[in-house]
Structures are given as C-alpha cells and as structure tokens.
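Reading the structure
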Amino acid sequence: LAVIGHPIAHSLSPVMHNAALSELAKSRPEFAKWRYFKFDIAPEQLETAVDLFGESKFYGLNLTVPHKTIVMALPAFKVAPQQQFLREMGAANTLKRKDHGWYGYNTDGFGLKNALADDLGIGLENQHVVLLGAGGAARAAAVMCLGTSASIWIGNRTETNRDALIKELKQSTQFKAHENFPITGFDPVNPPSTLPQRAIVINATSLGLKPTDESPLDLEKIPKPAAVFDMIYRPAQTRLLKQAAKMGIPNANGLSMLVYQGASSLEHWIESPLPFDVLDLMHRTVRDALK
C-alpha cells in the first residue's frame, strides 16, 4: 500500500496505516506482511507510476494533492458500478488493484463529515458553506453539500478552475434533484459582501502547507463564520486557523479527517469493517506523531 502526492514529505499516512496493520495482524495474520509507504510523484509521472505500482503488485493507493482529479483520466482507472458518483465528483483519493486495473473510491467526504462532528460538533446539513479550493478535496466536499447544505460559496483564485467546478456540479444528478440549490463562486482575495453570516469555512486548498504560505482567505473580510475547518493537519495551526483562534471562532485542522478517510480506505482494501480499537489506535498514532 502507499500514498502518492506532490509534495508528500508531510504525510502521516504511513505511520498511521502501519500501526493499524500491525494491530489487525494480531487477529488476522494475513496482514502481518502488509506495509504502507509514501512516494513523491510529479503530475506528469502519474500514469507511468500507477502502471509501475500495478506491475510491482501494490494492492492499494491513496492519492493526495494534486493527483485526485488527474487520476480519473488514466487508462488504468476504473469505476465500479456502485461507485458511479465518482464520475460526477471528478476525484478519487483511493485506488484498489483488481484484475482489470485500478478501481477508484473517494473517502474524503466521509472523513470530512466525521471530523466536523468530532472536532467541532457540527454537521453540514442546512448550513451555509464557504468552500476554499477547486481541486479533488474541494470537489468531494461540494458533492457532499449538494442538496443538504443551505448554500455553497466556492472561493478559488483561479477563475477558470472555479467556474469549471461550478459548471460540473450543476450538471450532476445530485444538483438536478435540487435545481434551486444555490452555488456561487467568488474571488477569495476580494470576497463579496454578500457572503452569508455564520457560515462554515472549509479550506480545501494546499495554502498553509508551507510556513511561507499566505492564508487562503482573510477572515476579517467576511461576515464572522460559525466555524473554520482546515483540511491541512501539518502544520497543526495554519495562518487561517491562527486568525480564527484570534477572532474567537471555533476551529479545527484536518487530523481527524486524515484518520477517518484513511480508515475508510483501509476498509476498502481489507474488505471488512475496521474494529473500533484499530480506529482509536490510528487517532492516537497521528496525534503522537505530531508531538
């Protein structure tokens, strides 16, 4: 097993998954030889790399920035009949090798939903959502909000990417089932005054991974949010979260989301539910790794 991305050095997925596999092996010896690695793969190398992983008998892959959307177009990528919503989502973060190629899944929505509940005590139902980003993680979050949240405001600095995501969302069956559902794009550098009060701000961009990164959104420029969630977990406090804390806004990073989406990926690979004690171990492992 492996996680691939660019960059990838910050990833805690290997330490988390290897701890889980060791625990699983105590009752299921077949997992004793399973290992999880990480590889830095540039976007232009993705197709070759995925083919090589298959030839090398890798069984499962996690995908992070920027590969979640790129992988959808690869010849080796397949979608199982029960996973057809992936085509509408336009992003996969989990692959499982089968006889005829790599089959895709997306566990980001599951991870986000559980992290918001655990860390902030909130759900997305009937909430206004300010979503930052237009990549794979943002797509998964947006699809989860369609028809259940009060509205989605998508902020992305590249207008063409922002507009493309909104267009794709409006063509989805989920959107068509709720035709009056409001989806609005905006420039996060100059956010409009019409952004809703008490929204949930979710950062699904990579801005914050580097110490030199600016914040993806100046919270002083928008009506005060009800909560701020940053999918980044390393560093534990990005510029966005530091500003939220300073303003007294409930906030959380993406560490719990990492665990929940990882646990869901692992369930796809081992083809069985994950015991609670293994999930708890995954939480403790990543928290200890950040100390």
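Residues numbered from 1 in each chain as written. Predicted model: local features only at pLDDT ≥ 70, side-chain atom pairs only at ≥ 80, totals over all residues. Heavy atoms only, no water.

What follows is about the side chain of Ser-215. Looking at the secondary structure, you find Ser-215 in the loop between β10 (200-203) and β11 (227-230). For Ser-215, a relative accessible area of 18% gives the class buried. A polar contact is formed between the side chain of Ser-215 and the backbone oxygen of Leu-217, at a distance of 2.9 Å. Residues in contact with Ser-215, not counting those within four places in the same chain, are Arg-157, Arg-239 and Leu-240. (Helix = DSSP H or I, 4+ residues; strand = E, 2+ residues; numbered from the N terminus. Buried < 20%, exposed > 50% of the residue type's maximum accessible area, 1.4 Å probe, protein only. Polar contact = N/O pair within 3.5 Å; in protein donor to acceptor, adjacent residues only side chain to side chain. Contact = heavy atoms within 4.5 Å.)

This brings us to the pairing of strand β7 (residues 128-132). Summarising burial for β7: four of the five residues are buried, a large majority. Examined bridge by bridge, β7 and strand β8 (residues 151-155) share five bridges and lie parallel to one another. Each residue of the ladder has a partner; that of Leu-132, found in β8, is Gly-155. Running through helix α6 (residues 136-145), the crossover from β7 to the neighbouring parallel element β8 is right-handed. Taken together, the four bridges between β7 and β10 define a ladder with parallel strand orientation. Each residue of the ladder has a partner; that of Leu-132, found in β10, is Asn-203. (Pairing = 2+ DSSP bridges. Right-handed = clockwise from strand over helix to strand, strands pointing away.)

Bringing the sheet that holds strand β5 (residues 94-98) into the picture now. The strand order across the open sheet formed by six strands is β2-β1-β3-β5-β6-β4, and the pairing between neighbours is mixed. In the strand order of this sheet, the two ends are held by β2 (37-40) and β4 (77-78), each with one partner. Across the sheet, helix α2 (residues 46-55) lies against β1 (2-5), β2, β3 (60-63), β5 and β6 (101-105), angled at about 110° from β6, the strand it touches most. (Axes fitted to C-alpha atoms, helices over the stretch in contact; angles between N-to-C directions.)

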